[in-house]
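Structure at a glance
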Amino acid sequence: MPNGASKPTDKDLKLQLFVNSREANRVRLEYADGSTKDYNVPAGGTTTIDVDPKKAYWDEEKGEEETVLDKGVRVYSLDKKPMTVYSGNQNGDGGTSSFDGAHVLPKEALGQEYVIQSANDDNTATEFVVMSTRPGTTTVTVELNVKSRKGNRDRLTISFKKAKQIYIIRSKSIDPNQPNDVIDLSGSTICADAPVAVWSGNQLAIIPNQAGMTQDHAYDQLLPVNRWGQEFIVPMTGMKMQM
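Calculation notes
Residues numbered from 1 in each chain as written. Predicted model: local features only at pLDDT ≥ 70, side-chain atom pairs only at ≥ 80, totals over all residues. Heavy atoms only, no water. Phe/Tyr/Trp six-rings, centres within 6.5 Å; stacked < 30°, edge-to-face > 60°. Helix = DSSP H or I, 4+ residues; strand = E, 2+ residues; numbered from the N terminus. Lys NZ or Arg CZ within 6 Å of the ring centre and 35° of its normal. Contact = heavy atoms within 4.5 Å. Salt bridge = Lys/Arg side-chain N within 4 Å of Asp/Glu carboxyl O. Buried < 20%, exposed > 50% of the residue type's maximum accessible area, 1.4 Å probe, protein only.

**Examining the packing of aromatic side chains**
Scanning the entire structure with this criterion turns up one aromatic pair. Summarising the aromatic geometry, the rings of Phe 18 and Tyr 86 are spaced 6.5 Å apart at their centres and angled 40 degrees between planes, so their arrangement reads as tilted. Of this pair, Phe 18 sits in strand 1 (residues 14-21) while Tyr 86 is found in strand 6 (residues 84-91), placing the two residues 68 residues apart along the sequence. Over the ring of Tyr 31 we find Lys 55, and its NZ or CZ is 4.8 Å from the ring centre.

Spelled out as structure tokens, the structure:
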């Protein structure tokens, strides 16, 4: 996910995966270009995987928005043992400039239909990423509730040719001359002819709006519509913000 104005060559940009397993587990990271690297996860422990930004992060300066990119990654157990995966995306020394993380869903939990949910702060661009998982062709239809930033479109079709390809869509940033413009992509829909993975969020959110200029990347992986429920238990953190 695009984190602010970060570039793949930024020395402080860090993309990481945190893999947990109850049993000792051999895990493989696979890039879209076919290169791989193996890791050992100790029983009951966590292994941190540093992902190469040049292979897995978009480049705004190269116009890599609203185009199919070979920049997805796959993580899987060579021992075929259960594990969990958490992702982290940080910029700045130790994430001091911007940081967020998200659980990564197992492939079995992916679906073909999604509704976008983004963190909207009425200031910066909301965004989402679609990633293909099928080795062959996957066609994805996207209906946007606001115009996309680069193509100025509200409906588009994405044609993936193989697995681990991604497509990034961002909304326009707020125009100071049009303060009532809607820039939130929430409510946009995605429909694919094969399971895809979708992440959604905000490249630099101010949460809450009254928090001044303290901004952070905010993203999460979305559940497909067929995994939605009717009742939820919501834990509260108990944290209070000093205003």
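**Digging into the side chain of Ser 171**
Relative to the assigned elements, Ser 171 resides in the loop between strand 12 (166-170) and strand 13 (189-205). Leave out the neighbours within four places in its chain, and Ser 171 touches Ala 125, Thr 126, Val 146, Lys 147, Arg 149, Ile 183 and Leu 185.

**Quick look at the pattern of salt bridges**
With the rule as written, the count across this model stands at 12 salt bridges. The residue Asp 33 makes a salt bridge to Lys 55 at a minimum N-O spacing of 3.8 Å. With Asp 33 in the loop between strand 2 (25-31) and strand 3 (36-41) and Lys 55 in helix 1 (residues 53-56), the pair connects residues that are 22 residues apart, well separated along the chain. Taking the relative accessible area as the measure of exposure, Asp 33 reaches 53% and is therefore exposed.

**Here we look at unusual backbone geometry**
Peptide bonds are, in most cases, trans, and in most cases residues other than glycine have a negative phi. Located in the positive-phi region is Lys 80, a residue other than glycine, with phi close to 55 degrees. Looking at where Lys 80 falls in the secondary structure, it is placed in the loop between strand 5 (73-77) and strand 6. Looking at Lys 80, the relative accessible area reads 76%, which means it is exposed. At Lys 164, a position not held by glycine, the phi torsion is positive, near 70 degrees. With respect to the helices and strands, the residue Lys 164 is situated in the loop between strand 11 (155-160) and strand 12.

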